[in-house]
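# A structural walkthrough
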Amino acid sequence: MNEQDFRALSALHALHALSPDEERDFSAALAAHPQWQAIVDEDLATAAALGTGIPAVAPPATARRSILDAIEQLPQFDAPAFGASAVPAELDQNDDDSTPAIAGRRRGWLALAASVAVLLAVSLSFPLASLLTPQDPVTVALAQLESAPDAHSSTADIVGAGEATLHWSPSLGQAVLVADGLPEIHQDQDYELWVIRNGEPSSLGVLHADSNRNAQTLTEMPGAGEALAVTIEQHGGSPSGAPTSDPILVVSAA
């Protein structure tokens, strides 16, 4: 992956718009090129600025009333007897469509009915918030893992802090690490995630935490005898590609 491709993934990562597979590619690329962490930090800062720069706007109180008013303004007709035509007389095909008044009323009636039907279908089928807000791929993956028939989890203590749980599913072939209460670190430090295979650690990239030092991320699913570990490294991760401190967390999928 070149830097241009990584920048595209980084921008989507900042908006929580990556798929689980793209999130894994993003983490792998960052682990291979720790110098690209500056790109990630810049995109995260930009996304945060976008979120705070636009004031929240409540939907107008008249929105619901407007839809109901539109329904009430539809022409009202008596229900036809069984077998009778359900089309209003003025809209019946036997009427002369060439009459401007009738043709215009027909088009207006049909357009309004179609508009109201679309509005109601959208409002009932899709909550507005879900249309405007992209779903976090980690949250989506975690929900899939928890409902998988072969769902597994393993919990371990974080040294001097909280605990972390690894969720995984062999059938889905993916895993999510949820860490609650990571230890406090300095501004020039980062948490780094590792997979340990045959006793050898391999970096999976920097583990980003929120202001409460909680983190959750898509990660590789450790195999038999393998584990995930977290260490505290310099900002951007270990420059040598190997841990420089003892792990604060080790959790396995055994």
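One can find the structure itself at the top, above this paragraph.
Quick look at the structure, then. The numbering scheme is per chain: residues are counted from 1 as the chain's sequence reads. Two thresholds apply to this predicted model, a pLDDT of at least 70 for residue-level local features and 80 or more for giving and counting side-chain atom pairs, whereas whole-chain, interface and lining totals are computed over all residues. Hydrogens and waters are ignored; side-chain quantities use all the structure's heavy atoms.

This part covers the overall build of the protein. Each helix is a run of DSSP H or I of at least 4 residues and each strand a run of E of at least 2, with the numbering of both proceeding from the N terminus. Check the secondary structure of the protein and you find seven helices and eight strands. Here the protein holds 254 residues, and 31% of them are scored as buried. The contact criterion used throughout is that any non-hydrogen atoms of two residues lie within 4.5 Å. Counting contacts in the protein only where the partners sit at least 6 residues apart, residues at least 24 apart contribute 58% of the total. Each accessible area is a Shrake-Rupley result for a 1.4 Å probe, and residues are judged covered by the shown protein chains and nothing else. Accessible area for the protein stands at about 15,400 Å²; split by element, carbon and sulfur atoms hold 57% of it. Relative accessibility under 20% of the residue-type maximum defines a buried residue, over 50% an exposed one, and the middle range a partly exposed one, all with a 1.4 Å probe and only protein chains included.

What follows covers the pairing of strand β5 (residues 200-207). Regular strands place their side chains on alternate faces of the sheet. In short, DSSP must find at least two bridges between two strands for them to pair. Bridging between strand β4 (residues 189-197) and β5 involves seven bridges; their strand directions are antiparallel. Looking at the pairing, E192 lines up with V206 of β5. Taking the residues that link successive antiparallel strands as the turn, the β4-β5 hairpin has two residues, and the phi of N198 there is positive, at about 50°.

Okay, unusual backbone geometry next. Where the residue is not glycine, phi is negative for most of them; where a peptide bond is considered, it is trans in most cases. In this structure, H16 takes a positive phi of about 55° despite not being glycine. Mapped onto the secondary structure, H16 falls in the loop between α1 (3-14) and α2 (20-32). Classification of H16 as partly exposed rests on a relative accessible area of 45%. Positive phi, close to 60°, is recorded for R213, a residue that is not glycine. Its relative accessible area of 34% is what places R213 among the partly exposed residues.

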